[in-house]
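# Fold and contact review
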Amino acid sequence: LSLLISLSAALGTVGPQFVRIAFDNVIPSGQLRPFMWLGVAYLAFFLVRALLGYAGMFLSYAFTQSIISDIRMKAYNRLLRLPVTRFTNERSGSLVSRVVADVNALEGMIQAGATRLMGQLFSIIVVAIILVVMDWRLSLVNLVVMPTLAFITRHYQGKLRAASRKIRARVGELTSVANEAIGNIQVVKGFANEQLEASRFSDVNDNYVTHNLDRRKDSGMMEGLITLTGQYGTGAIILFGGWMVTQGSLSFGELTAFLLYQGMLQRPVTSVMFFNNQLQAGM
């Protein structure tokens, strides 16, 4: 799986070279044969890349499901071995939520880590090297962009983890209140307490919504700042690179390929930063 993901990520770094060759060599030649060869190579390359991407996606999903299943079974076995006093002191719905809902909440984190994170970290290293080799002057922009992205992610990390912990607690409360009412439905109906139980569930549900909104505010602000920083970096490269093209120190094809590689660098970096949101929820 690791080899497949790394290979798929490595192939992804070849794409911009088609654009550079087209702009700097094939189009200026004005001949039909180079166009045909470029088209065939383009079709074959992206077909192979798509097949590898599908294989990696399927294997990573199977890997994630295997881990989640194992964690769920271990959590359930642990639950069955708890002392009776634990079941007396804690609502059964909350305990069931630990085994079902909380374990399922790990799925997004593990799936992202098993598929995207590994390949993206590999892509970041490879593409960063390519950018420096292509033009070290333009690549200096990333010395400002990348530390800024890391600072933004670090700043919101604690807030997201605390908010996620509160949300998981509210999920347990929702499950507990619903289980208690449904498990004792004859008593509820016998005392005509339907409205009371609905009111209890509504209060917990409102708290759940509030905590979700608070978490979304922080994650939205983090994602917005990360996106804005990346866009500023791309804008700086367009300005500096465009000036270099007018001075003859950089070709139009090289600038275009550089911008494509810059996008390929920022996408996995941004995705890794966004993964921090899932990571804090899983933690």
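Summary of the structure given here. (Residues numbered from 1 in each chain as written. Predicted model: local features only at pLDDT ≥ 70, side-chain atom pairs only at ≥ 80, totals over all residues. Heavy atoms only, no water.)

## Side note on the overall build of the chain
- Across its full length, the chain holds 11 helices and 0 strands.
- The linear arrangement of helices and strands in the chain, starting from the amino end, is α-α-α-α-α-α-α-α-α-α-α.
- Taken against the 2.2 N^0.38 rule, which gives 19 Å for 283 residues, the C-alpha radius of gyration of the chain at 26 Å runs more than 25% over that of a compact globule.
- Along the first, second and third principal axes, the C-alpha set of the chain runs to 85 × 35 × 30 Å.
- Every one of the 283 residues in the chain was classed for burial, and the buried ones make up 35%.
- Counted over contacts in the chain with a minimum sequence separation of 6, partners at least 24 positions apart contribute 85%.
- Total accessible area computed for the chain in this model is approximately 16,400 Å², and 67% of it derives from carbon and sulfur atoms.
- Averaged over its 25 positive side-chain charges, the chain has a centre that lies 6 Å from the centre of its 16 negative ones. (Helix = DSSP H or I, 4+ residues; strand = E, 2+ residues; numbered from the N terminus. Rg over C-alpha atoms; globule rule 2.2 N^0.38 Å. Buried < 20%, exposed > 50% of the residue type's maximum accessible area, 1.4 Å probe, protein only. Contact = heavy atoms within 4.5 Å. Areas by Shrake-Rupley, 256 points an atom, 1.4 Å probe, with all protein chains shown as cover. Lys, Arg positive; Asp, Glu negative; His and termini not counted. Charge placed at Lys NZ, Arg CZ, Asp CG, Glu CD.)

## Considerations on unusual backbone geometry
- Phi at Ala192 is positive, roughly 55°, even though this residue is not glycine.
- With respect to the secondary-structure elements, Ala192 resides in the loop between helix H9 (185-190) and helix H10 (194-246).

## A short note on the side chain of Arg170
- Among the structural elements, Arg170 can be located in helix H8 (residues 142-183).
- Looking at Arg170, the relative accessible area reads 15%, which means it is buried.
- A polar contact is formed between the side chain of Arg170 and the side chain of Glu173, at a distance of 2.9 Å.
- Excluding its chain neighbours within four sequence positions, the residues that come into contact with Arg170 are Val204, Asn207, Tyr208 and His211. (Polar contact = N/O pair within 3.5 Å; in protein donor to acceptor, adjacent residues only side chain to side chain.)

These figures capture arrangement, not role.
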